[in-house]
Structures are given as structure tokens and as C-alpha cells.
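These are the residues of each chain, in order.
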Amino acid sequence: MSRLIKLALLFPLAAMLAGCNAVVLAPAGDIAAQQRDLILIATFLMLLIIIPVLALVVIFARKYRHGNEHADYQPDWDHSTHLELVIWAAPLAIIICLGAVTWVGTHLLDPYRQLGRIAPGQPVTADMTPLEVEVVALDWKWLFIYPQYNIASVNELVAPVDRPISFTLTSSSVMNSFYIPALAGQIYAMPGMQTRLHAVVNEPGSYKGFSANYSGHGFSGMHFEFRGVDPAGFDQWVTDVRGADAQLDRKLYLELEKPTEKVPVTHFAGVENGLYTAIVNMCVELDKMCMSEMMSIDDRGGLGLAGVDNIAPALYGGGTRNRSALGPQKTYVAALCSVDEAIAMTAKLPALSAPKPAMVTGVGLSPPSLLQSPAAAAAMSWLAGQTASLATTSAASTL
């Protein structure tokens, strides 16, 4: 009777589980469908070993139990070639098959790999222009920029069905994970870096997107809606967004990136040129040097201590000295290293014991002292010798 009661209690639990949306196993995009197939194949291959092992555990425990007087008792048994072959050959074959399937699937489903098809039997043709979407993970919301249409949205992503989507992703502050289970696997978005993801949606509908990596207090509300629509519906959505009042420029972005929770869907009718590039290079503020500029300077050997004043402003907020040879954009150097440190870190040349003074003048460069010249050094050496000689003569006369 107790067993019947326990079984009866399982029916409500099964009914509740039937209402769950197993979106990973019922995706709406071809990439997610291939990932689902890879999961099912890997699970099936592992079950080929797991199920027999579990069944044999029950069979052996029952057959060789203490109360079974009909079981064979062989105290001198210690080896079976057939059993050894089964124990080692079967798992090895499964591991080989599992490794081959996983290796092929991992490379074909590389998020950086451009799509070769939009659905089984439907290859990507030359006239299919991928939809480009620039994704920025903010605290705690998602910004989507459509550079081909010069529009942007917050917490709403819309894409036409059967059209390849090319995502480029970054973050404003901390690492996040961009994940739409119905579309494709998750991919990380990191500050100062850019990652890629290629996907396609094949079925119209509304799907859930969220951050799969904890990023702070408002993480639990960092969700957005992803909608797959037909081409006409996408064109209508673009038209509606272009009718918005706001224009996303640098100033507005700096306000948008401040930590906020449960931000409603927001549209921007225009986007300032080069905004996403500035976000990736962490130089949205006009008085900051972009990482690409800094790396370019480092690649050319660095500015050196003498060139600091050529690029560092009197105040970070501006000033007449805030101009540089890199262009009209206000820039500054946040940290410097000595010549010896820079050369030592490059590991290309041995560190210099002491930099030779150069007779260079210019903005921010002070001329070397005359005492550092070879002639001045020789004169100082001769003068020191004459002084020592006079001191000796004076001492001898006194004695």
C-alpha cells in the first residue's frame, strides 16, 4: 500500500514537469538544433555503457546474494579473457565514437564560424546578406546596435527568419554571457574585447534571452526578448524604431551604462558613428586614449618619458595642451614606464644601463644640460685634477 501511495504522488509531479518548456531540446534555430542533436548523440553513446552496467549491478547483486543457494561458488576463479575483452573493448569503442562526434561537432559549431546553411538542405547563398548586430552587455541590461540600419534598442532583439545573424559582442564593465537557448549556445561578452557568434532563427516567435554569468546585484533581472519575425515584420519594426525620439550618442551612452535594473524596452532612432568601436576600445569619454591607439604607440616603441607632455593634458577634462599628433580627439597617458623597463618587457633587446642624452628640443622636451656633453665632462675632469694638484702643493708649503 505504501508503494502505491508513493507512485500516486508522482503523478502530480509528472503533470507539473509536463508544463516545462524544454527549449534546449525544441529550439527555433538551426545552430541550436545541431547542438541539440550533438547532446542527444553523446547521451545515447554514454547510455550504451551506463544502462548495461546498472542492469548488471542489479543482476549480480540478486544472483550472488547470501540467500541464493543455487549460485555457483568458485573460490579459485581469478581471470576471464572474455570478460576482460568486454570490460575494456566496449568502453573504448564508445569513447572513440564519442570523441569523433564531439570533435567534428565542436568545429562545425564554432561560434566564430560563418554559417554554411540556414536549415538542413538550405545552404547560404551569395545574395544572403547577414544581419549584423553589435551587442553590449551593460549593468544590468542589453544594448543592441544595428549598424546596417543605424538604429539601436535596449532589451529587445528582433531578427528576420531564415536570415544569417552575425553578432559581435562586448561588455562595458564586467564579463557577461549572452544566451538565447532557442537560437544558439552561449558566448561570453568581456570588456575591452570582442567575441563573435553566428546564428539563424527558422521559426517565428518570441523567445527568452538572458545573461548566463553572474554580474552583480541586478543580474537576476538581466533578461531581454528575442523575436523572430518575417522580413515584412522586420522592416516594419525598423520603421517603428526610426520613429523614436532619442538618438544614441556618446553622452547618452554614458548615462545608459550606469547600473540600473529592470530597464524597459527603449529604442534609438540613430547611433553616433563609431560608438561601438569606442565602447570596445574603452574610450567613449573624449578625454581618454583608446586601447587601439595605446597599443599602436606601444607597438612603435612607446612615447618614452620625454614625450609625456606632448600628449598628457594639464587637466583630464580639457585644456589647450590636450592636443596630440594622433588627431583632434582628446587623449592622455594613464601610466608610464622607464626605457629600461620597456625594453626588458619586450624581450627583444637587452635593457640599457643608462639612456644616452639626446640633443633634442621641442614641445615638452627640455634641452640636456651642457654639463652632460663630452667636452664639459673633460673640462670638469681637468678642473678636478688641477684642484687636487693645487691642494697638494698648498699642503706641502704649509708643512
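Quick caveat, the model's predicted, so the values are computed rather than measured.

Some words on the pairing of strand β7 (residues 165–171)
Here's step 1: Most of β7 is tucked away, with 7 of its 7 residues classed as buried.
Here's step 2: Residues of β7 alternate between two faces, with Ile 165, Phe 167, Leu 169 and Ser 171 on one and Ser 166, Thr 168 and Thr 170 on the opposite face, all of them buried.
Here's step 3: The sheet contact formed by strand β3 (residues 131–138) and β7 spans 7 bridges and is parallel. Looking at the pairing, Glu 134 lines up with Thr 168 of β7.

Let's talk about the pattern of salt bridges
Here's step 1: According to the stated counting rule, one finds 5 salt bridges in the structure shown.
Here's step 2: With its nearest N and O atoms 3.1 Å apart, the salt bridge here joins Glu 156 to Arg 227. Residue Glu 156 is located in strand β6 (residues 156–160), and its partner Arg 227 is located in strand β12 (residues 223–229); the two are separated by 71 residues in the primary sequence.
Here's step 3: Relative accessible area serves as the criterion here: at 8%, Glu 156 is assigned to the buried category.
Here's step 4: As a salt-bridge pair, Glu 255 and Lys 258 come within 3.2 Å of each other at their nearest N and O atoms.
Here's step 5: Assessed through its relative accessible area of 47%, Glu 255 is described here as partly exposed.
Here's step 6: On the accessibility criterion, Lys 258 (42% relative accessible area) is partly exposed.

Here's the deal with the packing of aromatic side chains
Here's step 1: Following the criterion strictly, the structure yields 14 aromatic pairs and no others.
Here's step 2: Each ring, one from Phe 144 and one from Phe 178, has its centre 6.4 Å from the other, and the planes form 65 degrees; the classification is edge-to-face. In this pair, Phe 144 sits in strand β4 (residues 141–146) while Phe 178 sits in strand β8 (residues 176–180), placing the two residues 34 residues apart along the sequence.
Here's step 3: Given a relative accessible area of 1%, Phe 178 falls into the buried group.
Here's step 4: Among the aromatic side chains, those forming a connected cluster through ring pairs are Trp 142, Phe 144, Phe 167, Phe 178 and Phe 224.

A short note on the environment of Asp 230
Here's step 1: Mapped onto the secondary structure, Asp 230 falls in the loop between β12 and α4 (231–242).
Here's step 2: Sequence-wise, Asp 230 and Ala 159 are 71 residues apart; in three dimensions their C-alpha atoms are separated by 8.3 Å.
Here's step 3: At 2.5 Å, the side chain of Asp 230 forms a polar contact with the backbone nitrogen of Gly 233.

A closer look at the state of the cysteines
Here's step 1: In total, this model carries 1 disulfide according to the counting rule given.
Here's step 2: Two residues, Cys 283 and Cys 290, share a disulfide whose sulfurs are 1.9 Å apart. Disulfide Cys 283-Cys 290: the torsion about the S-S bond is 80 degrees, which places it as right-handed.
Here's step 3: What makes Cys 290 buried here is its relative accessible area of 11%.

Some remarks on the sheet that holds β8
Sheets are built from strands that pair by backbone hydrogen bonding, the pairs being arranged parallel or antiparallel.
Here's step 1: Sheet architecture is open: 5 strands sit in the order β6-β12-β11-β8-β9, paired in mixed fashion. Unpaired on one side and paired on the other, β6 and β9 (184–189) mark the two borders of the sheet. Across the sheet, the mean angle from the axis of one strand to that of its neighbour is 20 degrees, orientation sign disregarded.
Here's step 2: Looking at chain direction, β8 and strand β11 (residues 205–211) are connected through 2 bridges and run antiparallel.

Points about the side chain of Thr 170
Here's step 1: Summarising the element assignment, Thr 170 is placed in strand β7.
Here's step 2: Judged by relative accessible area, which is 0%, Thr 170 ranks as buried.
Here's step 3: Engagement of the side chain of Thr 170 in a polar contact is seen with the backbone oxygen of Met 190, the distance being 3.2 Å.
Here's step 4: Setting aside its immediate chain neighbours within four residues, Thr 170 contacts Val 135, Val 136, Ala 137, Ala 189, Met 190, Pro 191, Gly 192, Met 193, Tyr 276, Ile 279 and Val 280.

Focus: unusual backbone geometry
Here's step 1: Cis peptide bonds are those with omega within 30 degrees of zero, and the linkage from Asp 139 to Trp 140 qualifies with -10 degrees.
Here's step 2: Take Trp 140: it is sitting in the loop between β3 and β4.
Here's step 3: The backbone phi angle of Asn 150 is positive, close to 55 degrees, even though this residue is not glycine.
Here's step 4: Along the polypeptide, Asn 150 turns up in the loop between β4 and β5 (151–154).
Here's step 5: The exposure class of Asn 150 is partly exposed, given its relative accessible area of 39%.
Here's step 6: Although it is not a glycine, Lys 262 adopts a positive phi angle of roughly 50 degrees.
Here's step 7: Mapped onto the fold, Lys 262 is located in the loop between α5 (250–256) and β14 (266–268).

Conventions and cut-offs
- Residues numbered from 1 in each chain as written.
- Predicted model: local features only at pLDDT ≥ 70, side-chain atom pairs only at ≥ 80, totals over all residues.
- Heavy atoms only, no water.
- Buried < 20%, exposed > 50% of the residue type's maximum accessible area, 1.4 Å probe, protein only.
- Helix = DSSP H or I, 4+ residues; strand = E, 2+ residues; numbered from the N terminus.
- Pairing = 2+ DSSP bridges.
- Salt bridge = Lys/Arg side-chain N within 4 Å of Asp/Glu carboxyl O.
- Phe/Tyr/Trp six-rings, centres within 6.5 Å; stacked < 30°, edge-to-face > 60°.
- Polar contact = N/O pair within 3.5 Å; in protein donor to acceptor, adjacent residues only side chain to side chain.
- Disulfide = S-S within 2.5 Å.
- Axes fitted to C-alpha atoms, helices over the stretch in contact; angles between N-to-C directions.
- Contact = heavy atoms within 4.5 Å.

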